[in-house]
Amino acid sequence: NLLMRDVVCSGTAKGWAGIKGYTIAGKTGTGYKAQKNGTYFDEQGRRAYYASFVGFLPAENPRITVLVSIDEPPASAQHFGANTAAPVFNTIARAAIVDLGIQAPSGSAGCATPATRCSRAPARWSRSSASTRRAAPSATPSSARPSTT
């Protein structure tokens, strides 16, 4: 699972899915959604997307796996799995850590350079009731990453 750890620590999900002190492995996904007209474009020439992120933690001895799949991310959001689905994973994983009492493996520091960008999902996504009633492990937010195609 080292390649999937790299996705979180230095790849497309860097800063979106990581949680300080925990090793997380995951994979982002972005795909076109087929339209009723048989193409990937709607009547106005726009594309619709699926965005996803699947991750598990702790990567050394997984206790949970979470798959987030978003069918047509909001128009106000970028459509990539990294910046739409990975933050939702982050919120769910934080709640699971608290609710299930998941401890970081001894000696684990997560990514070599912690790069957790979000401490919760963007406001446009609903948060689970578990994450709102208990304090989650802290994160170090940083500025938003520019989009890439």
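1. Side note on the packing of aromatic side chains
Here is step 1: For the structure shown, the criterion picks out three aromatic pairs.
Here is step 2: Ring geometry for Tyr 32 and Tyr 40: centres 5.8 Å apart, planes at 45 degrees, overall tilted.
Here is step 3: Relative accessible area serves as the criterion here: at 40%, Tyr 32 is assigned to the partly exposed category.
Here is step 4: Of the residues examined, Tyr 40 reaches a relative accessible area of 43% and is grouped as partly exposed.
Here is step 5: An aromatic cluster is defined as three or more aromatic residues linked by ring pairs; in this entry it consists of Tyr 32, Tyr 40 and Tyr 49.
Here is step 6: Taking NZ or CZ as reference, Arg 47 lies 4.0 Å from the ring centre of Tyr 32, over its face.

2. Observations regarding the pairing of strand E2 (residues 49–57)
Here is step 1: Relative to E2, strand E1 (residues 25–32) runs antiparallel, the two being bridged by eight bridges. Residue pairing for E2: Gly 29 is matched across the bridge by Ser 52.
Here is step 2: In this structure, E2 lies alongside strand E3 (residues 64–71), joined through eight bridges in antiparallel fashion. Across the sheet, residue Ala 51 finds its bridge partner in E3, namely Ile 70.
Here is step 3: Once E2 ends, the chain turns through six residues before running back antiparallel as E3.

3. Describing the side chain of Asp 42
Here is step 1: The topology assignment puts Asp 42 in the loop between E1 and E2.
Here is step 2: If we skip the residues at most four places from it in the chain, Asp 42 touches Gln 35 and Asn 37.

4. Some thoughts on the state of the cysteines
Here is step 1: A complete count under the given rule lists one disulfide for this structure.
Here is step 2: What pairs with Cys 9 in a disulfide is Cys 111, and their sulfur atoms sit 2.1 Å apart. Negative torsions about the S-S bond denote left-handed disulfides, and the value of about -85 degrees found for Cys 9 with Cys 111 makes this one left-handed. In this pair, Cys 9 is assigned in helix H1 (residues 2–9) and Cys 111 in the loop between helix H2 (81–100) and helix H3 (129–133), connecting sequence segments 102 residues apart.
Here is step 3: Of the residues examined, Cys 111 reaches a relative accessible area of 13% and is grouped as buried.

5. Side note on the environment of Asp 42
Here is step 1: Judged by relative accessible area, which is 17%, Asp 42 ranks as buried.
Here is step 2: Within polar-contact distance, the side chain of Asp 42 engages the backbone nitrogen of Gln 44 at 2.9 Å.

6. Observations concerning a nonpolar patch on the surface
Here is step 1: Judged by side-chain polarity, Tyr 32, Tyr 40 and Phe 41 come together as a nonpolar surface patch covering roughly 300 Å² of accessible area.
Here is step 2: On the secondary structure map, Tyr 32 appears in strand E1.

7. Some points on the nonpolar core
It is characteristic of soluble globular proteins that their nonpolar side chains tend to be buried jointly.
Here is step 1: Membership of the largest hydrophobic core comes to 23 residues, with the highest contact counts inside it found for Ala 17, Tyr 22, Ile 24, Phe 53, Leu 57, Val 68 and Phe 89.
Here is step 2: When residues of this core are traced back to their parent elements, those giving at least two are H1, E2, E3 and H2.
Here is step 3: Looking at which element gives the most residues to this core, the answer is H2, with eight residues.
Here is step 4: Each residue touching Tyr 22, except ones within four places of it in the same chain, is listed here: Leu 57, Ile 97, Ile 102, Gln 103, Ala 104, Ser 108 and Gly 110.

8. Points about the sheet that holds E2
Strands in a sheet are paired, the pairing made by backbone hydrogen bonds, and the direction either parallel or antiparallel.
Here is step 1: With antiparallel pairing, the three strands of this open sheet are ordered in space as E1-E2-E3. The open sheet has two edge strands with one neighbour each: E1 and E3. Recorded for the sheet is a direction-independent mean angle of 10 degrees between the axes of neighbouring strands.
Here is step 2: Here H1 sits on the sheet and contacts E1 and E2; the angle it forms with E1, its principal contact strand, is near 75 degrees.
Here is step 3: On the sheet, H2 packs against E1, E2 and E3 and is oriented at approximately 35 degrees with respect to E2.

Parameters and conventions
- Residues numbered from 1 in each chain as written.
- Predicted model: local features only at pLDDT ≥ 70, side-chain atom pairs only at ≥ 80, totals over all residues.
- Heavy atoms only, no water.
- Phe/Tyr/Trp six-rings, centres within 6.5 Å; stacked < 30°, edge-to-face > 60°.
- Buried < 20%, exposed > 50% of the residue type's maximum accessible area, 1.4 Å probe, protein only.
- Lys NZ or Arg CZ within 6 Å of the ring centre and 35° of its normal.
- Pairing = 2+ DSSP bridges.
- Helix = DSSP H or I, 4+ residues; strand = E, 2+ residues; numbered from the N terminus.
- Contact = heavy atoms within 4.5 Å.
- Disulfide = S-S within 2.5 Å.
- Polar contact = N/O pair within 3.5 Å; in protein donor to acceptor, adjacent residues only side chain to side chain.
- Patch = residues over 30% accessible without salt bridge, like charges linked within 9 Å, V, L, I, M, F, W, Y side chains within 5 Å.
- Areas by Shrake-Rupley, 256 points an atom, 1.4 Å probe, with all protein chains shown as cover.
- Salt bridge = Lys/Arg side-chain N within 4 Å of Asp/Glu carboxyl O.
- Core = buried A, V, L, I, M, F, W, Y, C linked by side-chain atoms within 4.5 Å.
- Axes fitted to C-alpha atoms, helices over the stretch in contact; angles between N-to-C directions.

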